[in-house]
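For reference, the chains in residue letters:
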Amino acid sequence: MSDNDVEETADLRAAGWKAMRAALPGVFPEGDIDLKDGRLGEDLVDIGLLSVWGGLWGRDGLAPRDRSLVTLGILIALGAETELKTHVRIARTNGLTEDEIAEVIYHSSGYTGFPRAVAARTAAREALEG
């Protein structure tokens, strides 16, 4: 790995932590912490930190609120209820109201199908009540 690659990785890591801490306040202590747990697939968290949080959420161009709207729609379409629960909480942090989250679910039913919307509603309720 070249010095430039190391610097780019460090920049993405810093941007990832900044974006993730902003989206999930109080969840992660300050500093560059090691999220590996010694179990199968442990590098997936680091990949997400660099590529999703640093590379995507850390970008200019869309406000965090807008990124939350897009992310909710995508996760509903994918049927990714586990991730959706986390992103419902993130959406609230990013300024979406419960009514707006419900509207995303309602709107998605016309494009993703009623079963996906019902599953999303269940996941959102669990996230907001838990």
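Note that the coordinates shown come from a computational prediction; the quantities given were computed from them, not determined experimentally.

Colleague: How do you make sense of the overall build of the protein chain when you look at a structure like this?
Modeller: If you tally the helices and strands in the protein chain, you get six helices and zero strands. Listing the helices and strands of the protein chain from first to last along the sequence gives α-α-α-α-α-α. Burial analysis of the protein chain (130 residues in total) assigns 28% to the buried set. Relative to all contacts within the protein chain whose residues are 6 or more apart in sequence, the contacts with residues 24 or more apart total 59%. For the protein chain, the exposed surface amounts to about 8300 Å²; the carbon and sulfur share of it is 54%. Considering the protein chain, the positive charge centre built from 14 side chains and the negative charge centre built from 22 side chains are found 7 Å apart.

Colleague: Hey, could you run me through the nonpolar core in this one?
Modeller: Across soluble globular proteins, nonpolar side chains show a tendency to be buried alongside one another. Core analysis: the largest hydrophobic core is formed by 15 residues, its most contacted members being Leu72, Ile76, Leu84, Val88, Ile101 and Ile105. Those elements that provide at least two residues to this core are helix H3 (64–78), helix H4 (81–93), helix H5 (98–112) and helix H6 (114–129). In terms of residues, this core owes the most to one element, H6, which gives five residues. Ignoring any residue separated from it by four or fewer positions in sequence, one finds isoleucine 105 in contact with Ile76, Ala117, Ala120, Arg121 and Ala124. Counting residues in each nonpolar core, the second largest holds nine residues, with Trp17, Ala19, Met20 and Trp57 among its members.

Colleague: Even after reading the chapter, I still don't get a nonpolar patch on the surface, so can you show me in this structure?
Modeller: A grouping of Leu62, Val70, Ile74 and Leu78 is seen on the molecular surface, where their side chains present a nonpolar patch of about 360 Å² in accessible area. Relative to the elements of secondary structure, valine 70 occurs in helix H3.

Colleague: What's the story with the packing of aromatic side chains in this structure? I'm lost.
Modeller: Ring pairs (aromatic) are described by centroid distance and by the angle formed between their planes. Scanning the model with the defined rule gives two aromatic pairs in all. Aromatic side chains tryptophan 17 and phenylalanine 28 sit 5.5 Å apart centroid to centroid with 70° between the ring planes, which places their arrangement in the edge-to-face category. Remark: phenylalanine 28 occurs in the loop between helix H1 (3–23) and helix H2 (43–57) and tryptophan 17 occurs in helix H1; sequence separation between them is 11 residues. Classification of tryptophan 17 by relative accessible area gives buried; the value is 4%. For the ring pair tryptophan 53 and tryptophan 57, a centre distance of 5.1 Å and an interplane angle of 25° mean the geometry is stacked.

Colleague: It is not clear to me how H4 should be interpreted in this structure. Could you clarify?
Modeller: Along its 13 residues, H4 runs 18 Å from first to last C-alpha, staying within 8% of the 18 Å computed at 1.5 Å per residue. Each element contacted by the buried residues of H4 is listed here: H1, H2, H3, H5 and H6.

Colleague: Any chance you could explain the environment of leucine 35 here in plain terms?
Modeller: Examined against the element boundaries, leucine 35 turns out to sit in the loop between H1 and H2. Sequence separation between leucine 35 and valine 45 is 10 residues, and the spatial gap between their C-alpha atoms is 6.8 Å. Not counting residues within four places of it along the chain, the set of residues in contact with leucine 35 comprises Trp17, Met20, Phe28 and Val45.

Colleague: Can you help me understand the environment of arginine 116 in this one?
Modeller: Within the fold, arginine 116 resides in helix H6. For arginine 116, a relative accessible area of 34% gives the class partly exposed. Non-local contacts of arginine 116, meaning those with residues more than four positions away in its chain, are made with Ile76, Ala77, Leu78 and Gly79.

Cut-offs applied
- Residues numbered from 1 in each chain as written.
- Predicted model: local features only at pLDDT ≥ 70, side-chain atom pairs only at ≥ 80, totals over all residues.
- Heavy atoms only, no water.
- Helix = DSSP H or I, 4+ residues; strand = E, 2+ residues; numbered from the N terminus.
- Buried < 20%, exposed > 50% of the residue type's maximum accessible area, 1.4 Å probe, protein only.
- Contact = heavy atoms within 4.5 Å.
- Areas by Shrake-Rupley, 256 points an atom, 1.4 Å probe, with all protein chains shown as cover.
- Lys, Arg positive; Asp, Glu negative; His and termini not counted.
- Charge placed at Lys NZ, Arg CZ, Asp CG, Glu CD.
- Core = buried A, V, L, I, M, F, W, Y, C linked by side-chain atoms within 4.5 Å.
- Patch = residues over 30% accessible without salt bridge, like charges linked within 9 Å, V, L, I, M, F, W, Y side chains within 5 Å.
- Salt bridge = Lys/Arg side-chain N within 4 Å of Asp/Glu carboxyl O.
- Phe/Tyr/Trp six-rings, centres within 6.5 Å; stacked < 30°, edge-to-face > 60°.
- Expected span 1.5 Å × (residues − 1).

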